[in-house]
Amino acid sequence: MTSINPDAANNFIKDIINDDIAQGKNGGRVHTRFPPEPNGWLHIGHAFAVNLNYHLALSYGGKFNLRFDDTNPLKEEQEFVDSIMADVKWLGADWEDRLFFASDYFEQKYQFAVYLIEQGLAYVDDLTAPEMREYRGTLTEPGRESPYRNRAVQENLDLFARMRRGEFPDGSRTLRAKIDMQSPNLNMRDPALYRIRHAHHHRTGGTWCIYPMYDYAHPIGDYLENITHSLCSLEYADHRPLYDWVVEHMGHAFPASGRPQQTEFGRVSLSYTVMSKRKLRRLVEEGHVASWDDPRMPTIAGLRRRGYTPSAIRAFCGLCGVARKNVVMDLALLEHCIREELNAKAPRVMAVLRPLKLVLENYPEGQVEWLEVGNNPEDPQSGTRLVPFSREIYIEQEDFMEVPAKKFHRLTLGGEVRLKGAYIIRCERVVKDPDTGEITELRCTYDPLSKSGGEQSGRKVKGTSHWVSAPHAVEAEVRLYDNLFSQADLGDAGEGDFMIHLNPSSLVVLDDCKVEPSIAAAVPGSRYQFLRQGYFYADPECQANGRLVFNRIVGLKDTWARG
RNA sequence: GGGGGAUUGGUCUAACGGUAGGACGACUGACUCUGGAUCAGUUUGUGGAGGUUCAAAUCCUUCAUCCCCUGCCA
């Protein structure tokens, strides 16, 4: 079990839990849950919530449930249940045998509603939706009581039973809690508990035509599952009095030893991207990204496809603040987490993304040397591999400048550079296309005494370049992913306007890359550091058709490019 | 003249009346057969005003700003 930052300072939720344990609440148990609605894909913000709930339970020796909040058949689909389960599992949160659905409790919820009616705490209302809105009042004005508010218990019981039987059309009636139309908290102005929806539910099919509302269903689910700490996002703080109202009456109807309590925390979002379902959907529907799992998307599926590891995402979540305010985390922190992990673990290989042919005029034609190169300087255990070297090689176009810029450390006309793991070379001539003036080839010489690891290899030059032997080079496609948006905080860009900040270069596809032969058979899903370029992921889907495709997960930090 | 929540450097966070610290980023330098990594260092902060106190980021008052709430969504 990978832990997130176990030494992290306490957060306010831990403070609350510690107090609860000290007071013996719920017998000192800690039991959390992650309650997604199966109506979309999980994103990095959800990962934070999953992680928070799971690791809180874990660190207190408690339990963690996965519970789908499927009370609205119009929006929910099995497809999302499947993808969410896969994502939560991939993130490493283990619900063991505690997979639940709000719909598992529809019958109990119905019985409890009957109890509320009997107690005079709920009534069937015939108001239409627009009427109900009008009766509700406004933020600054109290509401008015529905004319149906004081129906007799028997009439309510009868009407509610007939609602269940399907005698009334959608929208014609609701079951409402009888609380307080004067409350300054709109959630307490006789909130709807049930609405009529003659719709097919992904799990219960056509069994029901009345469906409970979130505010009613959620606390019941928590209560029935013996949840102790029901964590949710900030916007539900106003709903807490209603949550408590339901729990309190559940306690009377179905006495149990435990009582769940709701605590709100701030959502986590990321800079240079968007998080709202609506905006993510627009990106897909308008074709700005290929799909929900496009490697530029902040969805779990997208991050996975990009090449992020669950452990890096967990580490990131552990570094995020748990606070009573929504936060926008710096993308750089997420990138730091994957770099840190991959720096330690990823094998290094040489890949030339934008090749420039280079001929070593004094290197014997037809000769091939297999040079031993270290796999990872950070990991002595990682060993070495053999890389072929020959008269014709490729180097990176940007590693040569005929007229060097200030502080340029690599190859220049008449200058020297070391080829990583091989020899020091000197550029003698530049061959150009006579028409375009474009550099097509470099004619160079090598210093035979400078061979890496050789006795006389100690000579220093100011730069080192990566390279690939031309006759041995393997063709690959490389997809350079970058920030989806060029502006860090899209929050204040007007609605609908955020698209103007799309980064036109969020994806650059290079299809003429040359990689060293050692990764010709790269295992799909494996990760490498392309020397001096970044960390890359052998794309599992694109690999399928026999073509090598690598996704750039994240670039290396590059102090030269920055300057 | 509604209710709820929040405010510590560029970002996130610690402090629970007693030296404002950390992470990421940025910048310097060292080192380097990756301009990576590593190491050393630097920079930037308690929203404002009052008050309580020997002592306030922390407690009180007040102002300001930001977020959420008028679905038969969650």
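Residues numbered from 1 in each chain as written. Chains lettered and ligands numbered in written order. Predicted model: local features only at pLDDT ≥ 70, side-chain atom pairs only at ≥ 80, totals over all residues. Heavy atoms only, no water.

Helices and strands together make up the secondary structure of chain A, namely 13 helices and 29 strands. Its C-alpha radius of gyration of 31 Å places chain A more than 25% over the 24 Å reference for a compact globule of 563 residues. If one aligns the C-alpha atoms of chain A with their principal axes, the spans along those axes are about 105 × 55 × 40 Å. Taking all 563 residues of chain A together, 53% fall into the buried category. Within chain A, residue pairs in contact and separated by at least 24 positions form 71% of the contacts whose partners lie at least 6 positions apart. When the accessible surface of chain A is split by element, carbon and sulfur atoms take 49% of a total near 25000 Å². Across chain A, the mean location of the 68 positive side-chain charges is 2 Å away from that of the 78 negative side-chain charges. (Helix = DSSP H or I, 4+ residues; strand = E, 2+ residues; numbered from the N terminus. Rg over C-alpha atoms; globule rule 2.2 N^0.38 Å. Buried < 20%, exposed > 50% of the residue type's maximum accessible area, 1.4 Å probe, protein only. Contact = heavy atoms within 4.5 Å. Areas by Shrake-Rupley, 256 points an atom, 1.4 Å probe, with all protein chains shown as cover. Lys, Arg positive; Asp, Glu negative; His and termini not counted. Charge placed at Lys NZ, Arg CZ, Asp CG, Glu CD.)

One can describe the packing of helix H11 (residues 310-319) onto helix H12 (residues 331-345) by two numbers: an axis separation of 9 Å at closest approach and a directional angle of 135°. One element, H11, and the other, H12, form an angle in the oblique class. Taken as a pair, H11 and H12 cross one another with a handedness that is right-handed. The residues of H12 that touch H11, namely those facing Ser311, Ala312, Ala315, Phe316 and Leu319, are Leu333, Leu334, Cys337, Ile338 and Glu341. A per-class count over the contact of H11 with H12 returns eight nonpolar, one polar and one charged. (Axes fitted to C-alpha atoms, helices over the stretch in contact; angles between N-to-C directions. Parallel < 35°, antiparallel > 145°, perpendicular 65-115°, else oblique. Left-handed = near helix turned anticlockwise from the far one by under 90°. Nonpolar A, V, L, I, M, F, W, Y, C, P; charged D, E, K, R; others polar.)

Take helix H8 (residues 240-253) next. In a regular helix each residue adds 1.5 Å, so 14 residues correspond to 20 Å; H8 covers 20 Å between its end C-alpha atoms and thus fits that length. Those residues of H8 not exposed but buried are Leu242, Tyr243, Trp245, Val246, Val247, His249, Met250 and Gly251. Turning to H8, the residues buried within the fold contact helix H4 (106-118), strand S5 (174-177), helix H7 (214-224), strand S8 (229-233) and strand S9 (261-265). (Expected span 1.5 Å × (residues − 1).)

Moving on, we come to the protein's contact with RNA strand B. Among the 68 residues in the neighbourhood of RNA strand B, the closest are listed as Arg197, Arg348, Arg410, Ser452 and Arg532. Looking at RNA strand B alone, sugar and phosphate atoms form 61% of those within 4 Å of the protein. Measuring from a base nitrogen of RNA strand B, one finds a backbone N or O atom of Leu139 at 2.9 Å. Measuring from a phosphate oxygen of RNA strand B, one finds a side-chain N or O atom of Lys325 at 2.9 Å. Partitioning the surface near RNA strand B into residue classes produces 23 nonpolar, 20 polar and 25 charged. (Near = heavy atom within 4 Å. Polar contact = N/O pair within 3.5 Å; in protein donor to acceptor, adjacent residues only side chain to side chain.)

Read from one edge to the other, the open sheet built from three strands follows the order S1-S2-S3, with strand pairing classed as parallel. Lying at the two open borders of the sheet, with one neighbouring strand each, are strand S1 (31-34) and strand S3 (99-101). Direction aside, neighbouring strands of the sheet carry axes that sit 35° apart on average. Here strand S2 (residues 63-68) runs beside S3; their pairing, made up of three bridges, is parallel. Paired with Arg67 across the strands is Phe100, a residue of S3. Lying over the sheet, helix H3 (residues 78-91) contacts S1, S2 and S3, oriented at roughly 160° with respect to S2. (Pairing = 2+ DSSP bridges.)

With that settled, consider the domain arrangement of chain A. Once the domains are mapped, chain A shows domain 1 (12-102 + 215-337), domain 2 (105-212), domain 3 (351-473) and domain 4 (475-563). One C-alpha centre belongs to domain 1, the other to domain 4, and the line joining them spans 29 Å. In this assembly, 23 residues from domain 1 lie in contact with 25 residues from domain 4. In total, domain 1 and domain 4 occlude about 2200 Å² of area from one another, counting both sides; carbon and sulfur atoms represent 57% of this. Taken together, the connections running from domain 1 to domain 4 amount to two salt bridges. For Arg305, the salt bridge is made with Glu541, and the minimal N-O distance between the two is 3.7 Å. (Domains from an automatic or database assignment. Buried area = accessible area lost by both parts, 1.4 Å probe. Salt bridge = Lys/Arg side-chain N within 4 Å of Asp/Glu carboxyl O.)

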